[in-house]
Amino acid sequence: MGTGELDQVDQEAHVSEGRGGTAAPRTLAEALRARGDEGLTALLRARPDLLVPVPADLGQLATRAGTRASVVRALERLDRFTLQAAEALAVAPDPAPYPVLLALMAGDEGDPDVAAALPGAVGTLRDQALVWGDDDRLRLVRTARELLAPSPQHPSPTGLGPTVAEATAGMSPGRLQEILGAAGLPTTHDPVSAVAALTALFTDRTRMGALLDTAPADALGVLDRLVWGPPYGEVTADPAPPVRWLRDRGLLLPVSARTVVLPREAALHLRGGRAHRAPEPVAPVVTAAREHRPQVVDNTAAGQAYTALATVEELLREWNEGGPAVLRAGGLSVRDLKRTATALDLPEQATAFWLELAYGAGLIASDGEAAERYAPTPESDEWLDLPAAERWAGLVTAWLAATRAPGLVGGQDAKGRTLSALGPDLDRGPAPEVRRRVLSLLATLEPGAAPDPDTLLARLRWERPLRGAATSGADLRARLATWTLTEAEALGVTGRGALSSAGRALLGEDAGGSAAGTGDTGRAPDAGGAGGHGAGGTGTAVAERAARLLAPLLPEPVDHVLLQADLTAVAPGPLERPLADMLAVLADVESKGGATVYRFTPGSVRRALDSGQAATDLHSFLAAHSRTPVPQPLSYLIDDVARRHGHLRVGAASAYVRCDDDAVLGEILADKRSASLRLRRLAPTVLAAQADPAALLEGLRSMGFAPAAESAEGDVLVTRAHAHRTPPRAAPAPVPDGPPAPDGTLLGAAVRAIRAGDRASTVVRKEEPDSGRTTAAGELPRTSAAETLATVQAAAMTGSAVWIGYVNAEGAASQRVIAPVRVEGGFVTAYDHTADEVRTYPLHRITGVAELADDPV
């Protein structure tokens, strides 16, 4: 920590004397001390990093509020106009009266919008302890000034350069007098008065205007190029006459041998007094691009929600027996992502989203075994048993809270490594806040209105202009917002781009209109509210309400299909679970949509027979669940496959084939396609193979036969899919964007503790009778054991408070204000004003005791 930082800590953290008066605060600590509990609560809610750990007193809180990391975080949470006000204060005199700040923001001509919005912006800066002091002496916290003030290394967003005093530091006195003479000013006797005279000229509108009236036209063109920034320009050793005219009169001051700068005071004159080219006091309005009937929006969203559920269910079926392997570095390989995308019939980017959604909802995870791979979790089975609307609410709730950004999949990290689905490095802390803010902005539109994406992004940029850039230099918040719109549509939170009734319910909003009980104030919500559940109550209650609104719009599961003569079956809606599971074995899905089409093939029928079903079972199943008669071609297909199924038997020798019909075995031997199996006849009804039973089964099936596997006892083996599940797994915890938002209980306790600690550190002690001096703040009192005991006993009898020094078992020393209640057995039991609770202290650990001039009780 440098000397300047130590001075700042000393200035802003130490307690001033005489704080009981009405004088203006001299430090940030004094300004915080003058606040009520509501003001401190608002500060800690807006800047939760100040609570970790809870400051011991207001001096420590002020010091922490001025640290670089905390100030940067606070500046990143400001909207554009409030940030512009802070930037204007950074180039204003310190301290700056409010009228000076207003002039910098509104200019000489004034701006009613700026004048109306500026008090709110200053109030926000003051509430967040970035600005302190009364309106006649506004002070920007030093760290914020260092971050926002212009410098050659870090240009200011205002485009302003250094002041005349800063730019002429180190300039020779003779050169200063030459500039005064060229500008028509009388010479002075010292550099300080010369700089003051030049500054006065540049800030005097009349005299500055007269000076510029004498400037060559080309010189004014040079100033026009520098006036809005950057204020630096390069010159040659022999500059052109216009540049020389400006340099001689101090309108361009040298920074180096080849660089000049336009002084801040001159630039402000040319700008008409404005610090910014375009102040933005009013938030951009999110406009509607299209209007739809709310019922159309809800129906469309319900259809998307149904498709979302079907996609996740298909993913769980696809990985039911175990999914792809986990990469050594974590995540899914590109090949496995493509394979899964093909199985789901989706683009790879969309597949990555559904994978991340299922992962974030705790439905899939890695199994943790030696050959680690992904698989459904036990929770996925419970999820599948829930009603459709509740399953949807669970998915969307997990999506809203997730910090993982599926849109990053396929990109590269800072080291050039490809980001994989389900892999590390996909967490982005602002994601939950951006999702909720995007949906909240959609809720401000009329029901059925779809937003113009450009106006939505403009609003988000206005609300958080400093939030970080992501990979490739793009604005992370803008990318997250764009992904949010796409993902919300895929999930059915929106329909045709407009927020649905169920989506409004998820935000705790009135489903019938715009944000219930709220207004579009032009300010983003506090950081503490980013991860909340809105005004509608707890997260569970909000999810249940959204599910109730969606449930009537989802299609009811049906218990029948429509069989057709072309060996297909049409499911006119979502099927009941037992019917869907059986049909998934008996037929292959040919197309999806509102009505799913299944196709029966010899392979699919054989799969059903392998699972232990008989031909009569299949006929009965189809007859019971078809609203149309079972077509003859389908009956023939089942009977034909069943007649040939098991005619050949394959077992383990290495492997063998047996059949009661030796002509069939002869046909197999004669077929050239059996050469790879290397078969030979052992007996008229038995063939031996130099291949394992599984390969032999596949080889014979590819030749058009329907063999059945048999056990060592000669029984037909029934093959059923064996579900593979991970051990119980918790859903991945979101990676927060900074400290979590504190609740009301924590805030109240923290404010009480800080107040108590501040009383202990600032209370006035009585003078010591022998020395006649008052114990200095921060210095532990020193008294003998007898004096300590006598003073504490007297305080317990009179009910007064005393100040003690205390060293705990770890050797840490502290000072406390206590009101002793009982003294016995070498211990004192007292109410500790510092901790705001009753505690017991060993007398031998009390270094000393002193009476208070004013009892804090």
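Data block above holds the structure.
Along every chain, residues carry numbers that run from 1 in the direction the sequence is written. Since the coordinates come from a predicted model, pLDDT governs what is reported: local features require at least 70, and pairs of side-chain atoms require 80 or more to be given and counted, while whole-chain, interface and lining totals use all residues. Values shown for side chains rest on all heavy atoms present in the structure; no hydrogens or waters enter the calculation.

A.B. asks: Go over the overall build of the chain with me, naming the residues and quoting the values.
C.D. replies: Along its length, the chain carries 34 helices and 25 strands. Contact between two residues is taken to exist if any of their heavy atoms lie within 4.5 Å; hydrogens are not considered. Nonlocal contacts in the chain, meaning residues at least 24 apart in sequence, comprise 65% of its contacts between residues at least 6 apart. The method behind every accessible area is Shrake-Rupley, applied with a 1.4 Å probe, and residues are considered shielded solely by the protein chains displayed. With the model as given, the accessible surface of the chain reaches about 39,700 Å², and the carbon-plus-sulfur share is 54%. The helix count covers DSSP runs of H or I at least four residues long, the strand count covers runs of E at least two residues long, and both are numbered beginning at the N terminus.

A.B. asks: Please give an account of the sheet that holds strand β24 (residues 837–842) that cites residues and values.
C.D. replies: Two strands qualify as a pair provided DSSP detects at least 2 bridges between them. Ordered by their spatial adjacency, five strands build an open sheet running β24-β23-β22-β21-β25, and the pairing between neighbours is antiparallel. In this open sheet, the two edge strands, each paired with only one partner strand, are β24 and β25 (846–851). Taken pair by pair, the neighbouring strands of this sheet meet at an average axis angle of 45°, ignoring direction. Bridge count between strand β21 (residues 802–807) and β25: five bridges; the pairing is antiparallel. Note that in β25 the partner of W803 across the bridge is A850. Across the sheet, helix α34 (residues 785–798) lies against β21, β22 (813–824), β23 (827–832) and β25, angled at about 65° from β22, the strand it touches most. What counts as an axis is a line fitted to C-alpha atoms, over the stretch in contact for a helix, and the angles between N-to-C directions run from 0 to 180 degrees.

A.B. asks: Got a sec to walk through the pattern of salt bridges? Specific residues and values, please.
C.D. replies: Any Lys or Arg side-chain nitrogen found within 4 Å of a carboxyl oxygen on Asp or Glu counts as a salt bridge. One pass over the full model with this rule turns up 32 salt bridges. Ionic pairing is found between R145 and D94, a salt bridge with its closest N-O pair at 3.8 Å. Highlighted residues: R145 in helix α9 (residues 142–148) and D94 in the loop between α6 (80–91) and α7 (98–106), separated in sequence by 51 residues. Through salt bridges that share partners, R77, E433, R464 and R477 make up one connected network.

A.B. asks: Requested: an account of the packing of helix α17 (residues 294–318) against helix α21 (residues 388–401), with residues and values cited.
C.D. replies: Where α17 meets α21, the axes come as close as 10 Å, and the angle between the chain directions of the two elements is 80°. The angle between α17 and α21 places the two elements in the roughly perpendicular class. Residues A305, L309, V312 and E313 of α17 lie in contact with α21, whose contacting residues are A388, R391, W392 and L395. In this count, Pro and Cys sit with the nonpolar residues alongside Ala, Val, Leu, Ile, Met, Phe, Trp and Tyr, while Asp, Glu, Lys and Arg are called charged and the others, Gly among them, polar. Across the contact of α17 with α21, the residue classes tally to six nonpolar, no polar and two charged. Angle categories are assigned with fixed cut-offs, so that under 35 degrees is roughly parallel, over 145 is roughly antiparallel, 65 to 115 is roughly perpendicular, and the rest are oblique.

A.B. asks: Run through the sheet that holds strand β15 (residues 596–599), naming residues and quoting values.
C.D. replies: Ordered by their spatial adjacency, four strands build an open sheet running β12-β13-β15-β14, and the pairing between neighbours is antiparallel. Edge strands, defined here as strands with exactly one partner in the open sheet, are β12 (562–564) and β14 (588–591). Averaged over all neighbouring strand pairs, the angle between strand axes comes to 30°, with direction disregarded. Two elements, β14 and β15, share three bridges in a ladder whose sense is antiparallel. Directly across from V589, in β15, lies its bridge partner Y598.

A.B. asks: For the packing of aromatic side chains, give the residues involved together with the corresponding values.
C.D. replies: Here a pair means two rings of Phe, Tyr or Trp (six-membered ring of Trp) with centres within 6.5 Å. Their orientation is stacked below 30 degrees between planes, edge-to-face above 60, and tilted elsewhere. With the rule as written, the count across this model stands at three aromatic pairs. Between W319 and Y374 the ring centres are 6.1 Å apart and the planes differ by 25°, which places this aromatic pair in the stacked class. Here the residue W319 occupies a position in the loop between α17 and α18 (334–344), and Y374 occupies one in strand β8 (residues 374–376), the gap between them amounting to 55 residues. Look at W319 and you get buried, because its relative accessible area is 3%. Each residue is placed in one exposure class: buried if its accessible area under a 1.4 Å probe, protein chains only, is under 20% of its type's maximum, exposed if it is over 50%, and partly exposed if it falls in between. Take Y374: its relative accessible area is 4%, and that puts it in the buried class.

A.B. asks: Give a description of unusual backbone geometry that names residues and reports values.
C.D. replies: The residue after D94, namely P95, is reached through a cis peptide bond having omega 0°. With respect to the helices and strands, the residue P95 is situated in the loop between α6 and α7. That bond from G229 to P230 is cis: its omega, -5°, falls within 30 degrees of zero. Mapping P230 onto the fold places it in the loop between α14 (217–226) and β3 (232–234). If you check the backbone angles, L567 has positive phi at about 65° while not being a glycine. If you trace the backbone, L567 turns up in the loop between β12 and β13 (568–571). When its relative accessible area of 22% is taken as the criterion, L567 is described as partly exposed.

A.B. asks: Talk me through the packing of α14 against helix α15 (residues 241–248); I want residue IDs and the actual numbers.
C.D. replies: Remark: α14 packs on α15, axes separated minimally by 8 Å, with the N-to-C direction vectors making an angle of 75°. With respect to α15, the axis of α14 lies roughly perpendicular. Between α14 and α15, the residues in contact are D218, A219, V222 and L223 and P242, V243, W245 and L246, respectively. For the contact of α14 with α15, the class distribution of residues is seven nonpolar, no polar and one charged.

A.B. asks: Any details on the pairing of β23? Residues and values, ideally.
C.D. replies: With six bridges joining them, β22 and β23 adopt antiparallel strand pairing. Opposite V823, over in β23, you have V828 as the bridge partner. Here β22 folds back onto β23, and the loop between the two strands holds two residues, one of which, G825, carries a positive phi near 60°. As paired strands, β23 and β24 are joined by six bridges and run antiparallel to one another. Residue pairing in the sheet places F827 in a bridge with P842 of β24.

A.B. asks: Could you give an account of the environment of G495, naming the residues involved and the relevant values?
C.D. replies: With respect to the helices, strands and loops of the structure, G495 is situated in strand β10 (residues 494–495). Relative accessible area serves as the criterion here: at 0%, G495 is assigned to the buried category. Separated by 191 residues in sequence, G495 and Q304 place their C-alpha atoms 7.7 Å apart. Excluding anything up to four places from it in sequence, G495 contacts V297, T300, A301 and E489.

A.B. asks: Break down the side chain of T27 for me, with residues and values.
C.D. replies: Tracing the backbone through its elements, the reader meets T27 in the loop between α1 (3–13) and α2 (28–33). In this structure the side chain of T27 is engaged in a polar contact, spanning 3.1 Å, whose partner is the backbone nitrogen of E30. Residues adjacent in sequence count toward polar contacts only when both atoms are side-chain atoms; beyond that, a polar contact is any pair of N or O atoms within 3.5 Å, and within protein one must be able to donate a hydrogen and the other to accept it.

A.B. asks: So, helix α5 (residues 68–76): which residues are in play, and what are the values?
C.D. replies: Listed in full, the buried residues belonging to α5 are S70, V71, A74 and L75. Looking straight down α5, one finds its buried side chains confined to an arc of 135°; they lie on one side. Within α5, the exposed residues directed more than 90 degrees away from the buried face are R68 and A69. Where α5 is buried, its residues contact α4 (58–65), α6 and α9. Taken from the helix axis, the directions to the C-beta atoms give the arc we talk about.

A.B. asks: Could you give an account of the pairing of strand β18 (residues 679–683), with specific residues and numbers?
C.D. replies: Of the pairings in the sheet, the one linking β18 to strand β19 (residues 686–689) comprises four bridges and is antiparallel in character. Residue pairing in the sheet places L679 in a bridge with A689 of β19. Turn length for the β18-β19 hairpin, with the two strands adjacent in sequence and antiparallel, is two residues.

A.B. asks: Can you explain the environment of A546? Please cite residues and give values.
C.D. replies: Within the secondary structure, A546 is located in helix α26 (residues 539–550). According to the relative accessible area criterion, A546 is buried, its value standing at 0%. In the structure, A546 is positioned 44 residues away from A502 in sequence and 4.6 Å away in space, judged by C-alpha atoms. If we skip the residues at most four places from it in the chain, A546 touches W392, A502, A505 and L506.

None of this, on its own, says anything about what the molecule does.
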